[in-house]
Amino acid sequence: MPRGRYSLHDPHDHTFLGEEHFHCATGPSGWRYVSQLTAPSGAHTGSVDLTLDELGRPIRLELHAANWQIRGAALDGVTWVRSDPAGEQAQEGNVAAHSFTGASPAFLIATSRLLRPAPGDRATRVRLVAFTPPVLAPRTLDQSWALLSSETHATDNGPLVVQNYQVNDLETGEQHAVHIAGDVVLAAPGVELEDLESPPSTFP
């Protein structure tokens, strides 16, 4: 079960935004990721709890940030409820999209698991609903993912396979690289892996 810490930065001006302390695990029925978010001061700012089925579909999502929370799942596309902690301002949403995304590295793993492109394949288009802290307002966006290469590196714990993706924002044309090993993001815009207590899990 990988356990570690990401540092989060603004992908444009590189301002330090805080840290995400996570643990995750694969299983016969899919993958689960749980994390706690902290501000640069160390104050708690939110949490992520995401469960995928064996096909990479989100069967349970729970996000907390500031005074908002999201509960969602893949249902008739993707469906979610956004509310305050007391549930008094609950608003339900539904979009014909493939999955969710957001600031957490968990969503990069989730999208790569959903698409599973092979090296040399044409870029795969995907529609996602993004929830961005601190207010977690939903926004629908389209991306394309292509697996540029898959590299095997020797480590003390055995071979480590690193997959290098190119992700395009189809609205803005912006391109960026995402590097993933198993169920851990090694590097992505605004994301740096700072600490990892055990090797990444490999998916069946």
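Scoring rules and cut-offs
- Residues numbered from 1 in each chain as written.
- Predicted model: local features only at pLDDT ≥ 70, side-chain atom pairs only at ≥ 80, totals over all residues.
- Heavy atoms only, no water.
- Core = buried A, V, L, I, M, F, W, Y, C linked by side-chain atoms within 4.5 Å.
- Buried < 20%, exposed > 50% of the residue type's maximum accessible area, 1.4 Å probe, protein only.
- Helix = DSSP H or I, 4+ residues; strand = E, 2+ residues; numbered from the N terminus.
- Contact = heavy atoms within 4.5 Å.
- Pairing = 2+ DSSP bridges.
- Phe/Tyr/Trp six-rings, centres within 6.5 Å; stacked < 30°, edge-to-face > 60°.
- Lys NZ or Arg CZ within 6 Å of the ring centre and 35° of its normal.
- Polar contact = N/O pair within 3.5 Å; in protein donor to acceptor, adjacent residues only side chain to side chain.
- 1 Å grid on protein atoms, 1.4 Å probe; cavity = no way out; pocket = protein on both sides within 12 Å on 5 of 7 lines; lining within 4 Å.
- Points joined across faces, edges and corners; volume = space filled by probe spheres on them.
- Nonpolar A, V, L, I, M, F, W, Y, C, P; charged D, E, K, R; others polar.

- As annotated in an unreviewed UniProt entry, the protein carries the name Glycolipid-binding domain-containing protein and comes from Streptomyces oryzae.

1. Re the nonpolar core
- Trp 31 and Phe 131 are the most contacted members of the largest nonpolar core, which totals 44 residues.
- Per-element accounting of this core gives the leading share, 6 residues, to helix 1 (residues 106–115).
- Each residue touching Phe 131, except ones within four places of it in the same chain, is listed here: Leu 61, Leu 63, Ile 70, Trp 80, Phe 100, Thr 101, Gly 102, Ala 103, Leu 136, Ala 137 and Pro 138.

2. Let's talk about the environment of Val 78
- Checked against the element boundaries, Val 78 lands in strand 7 (residues 78–83).
- The spacing of Val 78 and Val 185 is 107 residues in sequence and 24 Å in space, taken between C-alpha atoms.
- Non-local contacts of Val 78, meaning those with residues more than four positions away in its chain, are made with Ala 73, Gly 93, Asn 94, Val 95, Ala 97, His 98, Ser 99, Phe 100 and Val 129.

3. Some details on the pairing of strand 4 (residues 44–53)
- Within strand 4, 8 of the 10 residues are buried, leaving the element largely enclosed by the surrounding structure.
- By the bridge criterion, 9 bridges tie strand 3 (residues 30–38) to strand 4 in an arrangement that is antiparallel. Counted as the bridge partner of Arg 32 is Thr 51 from strand 4.
- Taken together, strand 3 and the strand that follows it, strand 4, pair antiparallel across an intervening segment of 5 residues, in which Gly 42 is found at a positive phi of about 95°.
- Note: strand 4 against strand 5 (residues 58–65), 7 bridges, orientation antiparallel. Residue pairing for strand 5: Ser 47 is matched across the bridge by His 64.

4. Describing the packing of aromatic side chains
- One pass over the full model with this rule turns up 7 aromatic pairs.
- With 4.5 Å between their ring centres and 20° between their planes, Tyr 6 and Phe 22 make a pair best called stacked. Placement of Tyr 6 in strand 1 (residues 3–9) and of Phe 22 in strand 2 (residues 16–27) is noted, with a sequence separation of 16 residues between them.
- The ring of Phe 203 has Arg 113 lying over it, and the distance from NZ or CZ to the ring centre is 3.8 Å.

5. A word on helix 1
- Burial within helix 1 is extensive, with 9 of its 10 residues counted as buried.
- Among the residues of helix 1, Ala 106, Phe 107, Leu 108, Ile 109, Ala 110, Thr 111, Ser 112, Arg 113 and Leu 115 are the ones counted as buried.
- Among the residues trailing helix 1, Arg 116 stands out with phi positive, at a value near 50°.

6. Overview of the side chain of Gln 69
- With respect to the helices and strands, the residue Gln 69 is situated in strand 6 (residues 68–73).
- Engagement of the side chain of Gln 69 in a polar contact is seen with the side chain of His 64, the distance being 3.5 Å.
- Setting aside chain neighbours within four positions, we find Gln 69 in contact with Leu 63, His 64, Val 81, Arg 82, Ser 83, Asp 84, Pro 85 and Leu 136.

7. What about the layout of surface pockets?
- Roughly 1,200 Å³ of internal volume is contained in the largest pocket.
- For the largest pocket, the lining is made up of 45 residues, of which Pro 11, Gly 102, Ala 103, Ser 104 and Thr 132 are closest to its centre.
- The class makeup of the residues in the lining of the largest pocket is 24 nonpolar, 15 polar and 6 charged.
- When its volume is computed, the second largest pocket comes out at roughly 480 Å³.
- Along its surface, the second largest pocket is lined by 23 residues, and Val 161, Ala 181, Gly 182, Ser 201 and Thr 202 are the ones closest to its centre.
- Tallied by class, the residues present in the lining of the second largest pocket amount to 12 nonpolar, 9 polar and 2 charged.

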